[in-house]
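Each chain is listed here by its residues.
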Amino acid sequence: MPHDPYKALYIHIPFCVKRCGYCDFCTSAVARDAPEMDDYVEDLVMQIRRKSKEGELGALKTVYIGGGTPSHLGLSRLSSLLYALALSMHLTPEVECTMEANPESLTERMVHDIWAMGVNRLSLGVQSFDDDVLAILGRAHTAQEAIDAVKMAKGRFENVSVDLMAGIPGQSAESFIRSVETAIELGVKHVSVYPLAIEPGTPFDRAIMRGQMEEPDEDVEADMMEAAGRILQSAGFHRYEVANYALPGFESRHNSAYWSGVPYLGLGRSATTMTQNRERRMRVCDGQVVDDLNPAQMRAEDLMLAMRMAQGVSCGQLQEAAELLPQVPQVFQQLQELGLVACEEGRFRPTERGWLCGNELYGRILDLAP
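For the structure given in this document, a descriptive report is provided here. (Residues numbered from 1 in each chain as written. Predicted model: local features only at pLDDT ≥ 70, side-chain atom pairs only at ≥ 80, totals over all residues. Heavy atoms only, no water.)

## Notes on the sheet that holds strand β16 (residues 341-344)
- If you trace the 3 strands from one edge of the open sheet to the other, you get β15-β17-β16, paired in antiparallel fashion. In this open sheet, the two edge strands, each paired with only one partner strand, are β15 (313-314) and β16.
- The sheet contact formed by β16 and strand β17 (residues 347-350) spans 4 bridges and is antiparallel. Directly across from Ala-342, in β17, lies its bridge partner Arg-349.
- Contacts from helix α12 (residues 328-337) reach β15, β16 and β17 within the one sheet, and its direction differs from that of β16 by about 105°. (Pairing = 2+ DSSP bridges. Helix = DSSP H or I, 4+ residues; strand = E, 2+ residues; numbered from the N terminus. Contact = heavy atoms within 4.5 Å. Axes fitted to C-alpha atoms, helices over the stretch in contact; angles between N-to-C directions.)

## A look at the pattern of salt bridges
- In total, this model carries 13 salt bridges according to the counting rule given.
- Here Arg-280 and Asp-292 are joined by a salt bridge, their closest N and O atoms 2.7 Å apart. Of this pair, Arg-280 sits in the loop between β12 (272-276) and β13 (281-285) while Asp-292 sits in strand β14 (residues 288-293), and the two are 12 residues apart along the sequence.
- Its salt-bridge partner being Asp-302, residue Arg-281 comes within 2.9 Å of it at the nearest N-O pair. A residue pair is termed long-range when its members are at least 10 positions apart, and Arg-281 in strand β13 and Asp-302 in helix α10 (residues 295-306) qualify at 21 residues.
- Taking relative accessible area as the criterion, Asp-302 reaches 26% and is therefore assigned partly exposed.
- One salt-bridge network, in which partners are shared between bridges, spans Arg-281, Arg-283, Asp-291, Glu-301 and Asp-302. (Salt bridge = Lys/Arg side-chain N within 4 Å of Asp/Glu carboxyl O. Buried < 20%, exposed > 50% of the residue type's maximum accessible area, 1.4 Å probe, protein only.)

## What to know about the environment of Leu-356
- Tracing the chain through its elements places Leu-356 in helix α13 (residues 352-356).
- Taking the C-alpha atoms as reference points, Leu-356 and Val-111, separated by 245 residues in sequence, lie 36 Å from one another.
- Residues within four places of Leu-356 in sequence aside, it is in contact with Ala-222 and Glu-226.

## Overview of the pairing of β14
- Strand direction decides the pairing type here: β13 and β14, joined by 5 bridges, are antiparallel. Paired with Arg-281 across the strands is Leu-293, a residue of β14.
- Hairpin connection from β13 to β14: 2 residues lie between these consecutive antiparallel strands, with Asp-286 at a positive phi of about 50°.

## Let's talk about the environment of His-238
- Here His-238 shows up in strand β9 (residues 238-241).
- His-238 sits 10 residues away from Pro-248 along the chain, and the two C-alpha atoms are 7.3 Å apart.
- Setting aside residues no more than four positions away along its own chain, His-238 makes contact with Asn-244, Tyr-245, Ala-246, Leu-247, Pro-248 and Glu-251.

## A closer look at the side chain of Glu-221
- Looking at the element boundaries, Glu-221 is found in helix α8 (residues 218-234).
- One buried charged side chain, Glu-221, makes no salt bridge at all; its nearest oppositely charged neighbour is Arg-239, positioned 12 Å away.
- The residues touching Glu-221, leaving out its near neighbours within four places in the chain, are Ala-166, Gly-167, Pro-195, Leu-196 and Pro-216. (Lys, Arg positive; Asp, Glu negative; His and termini not counted.)

## A word on the side chain of Ser-71
- One can find Ser-71 in the loop between β4 (62-67) and α2 (75-88).
- Setting aside its immediate chain neighbours within four residues, Ser-71 contacts Arg-32, Leu-78, Met-99, Glu-100, Ala-101, Asn-102, Ser-105 and Met-110.

## Examining the packing of aromatic side chains
- One pass over the structure, following the stated rule, counts 5 aromatic pairs.
- Arranged with centres 5.3 Å apart and planes meeting at 85°, the rings of Phe-15 and Tyr-40 form a pair that is edge-to-face. With Phe-15 in strand β2 (residues 15-16) and Tyr-40 in helix α1 (residues 35-53), this pair connects stretches of sequence that are 25 residues apart.
- Ring geometry for Phe-332 versus Phe-348: centroids 5.6 Å apart, planes at 75°, classification edge-to-face. On the criterion of sequence distance, the pair formed by Phe-332 in helix α12 and Phe-348 in strand β17 is long-range, its members being 16 residues apart. This pair shows no difference in class: Phe-332 is buried, exactly as Phe-348 is.
- Of note, Arg-156 hangs over the ring of Trp-115, and the distance from its end group to the ring centre comes to 4.7 Å.
- Above the face of the Phe-250 ring, Lys-189 is positioned so that its terminal group lies 5.5 Å from the ring centre. (Phe/Tyr/Trp six-rings, centres within 6.5 Å; stacked < 30°, edge-to-face > 60°. Lys NZ or Arg CZ within 6 Å of the ring centre and 35° of its normal.)

## Quick word on a negative patch on the surface
- Side chains of Glu-214, Glu-215, Asp-217, Glu-218, Asp-219 and Asp-223 sit close together on the surface and give a patch of like negative charge.
- Considering the arrangement of structural elements, one finds Glu-218 in helix α8.
- A relative accessible area of 66% places Glu-218 in the exposed class. (Patch = residues over 30% accessible without salt bridge, like charges linked within 9 Å, V, L, I, M, F, W, Y side chains within 5 Å. Areas by Shrake-Rupley, 256 points an atom, 1.4 Å probe, with all protein chains shown as cover. Charge placed at Lys NZ, Arg CZ, Asp CG, Glu CD.)

Written as structure tokens, this is what we have:
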């Protein structure tokens, strides 16, 4: 049975100038003149052209070039990639085209040229505007370079996002709050705020095991996330997803696609593709099937993903889901009693407690269709 058309495209760039201590992504630190980056981009261009000929790119609404550090490729390689995209799909202004960049590799010419070639949203990996915290994380840029990068990006891009991280060992509440305030003062339109997660096998994980670093305190992370919400919302941002805040009209359409069950195509090393039709949803990464869901599991996953979003799910959607998952009304009643969701104006929405206790909220919903 044919699959529904892809609406989102993710392109993975697995290269950085250096690897951060907390990172477990598929990336490697390579020099700017490394031949492997040329080979990788050439292969991506071939994949893009092939998918275009197969008719897989015609319905795309969003493109996201992530990593790694796409800006580490340099302007020449980025130009080759963006030119191939422009020839292979309808890369019109209506298509949200995001590129990630890090402050140390962003240049004024790059900002102007990628904008001219169709990128219309820039996401900057800042993490903190505090030099001491950046040093703990092992970032390759300074706080001033991050500030300069945001200003540079805003010289051409209206839609600029920054990533910030909370709960870093050695990071004070004052430092984190000041970083959030700096992002607002710089005029960005979107802020992603993530609590530090210690992933197995990373340098941070090994440092904690050796007693050289304190494990992140979940209560401190929760306090920081709540503080970020208060500050951002008072500045006109709204929290549309568990970790994402935007000024009205600047929500990430690409990320929202992941949370609303939209089929997406992944190109590049470790990129995941999700195909689906009415009977089946599959995720494939590097040629291996990592998810294979039946209709009941699909519906449970859709409910779980929707509860990452501030809009939640309507009572009508729950009634539809109950046709495949009879326990839905009972489970959502229990979630309401636990204070993880609230029912308002005909919709079930996650509460602040629900977001902070996400593992319990999402796990109970997924358990509807084991």
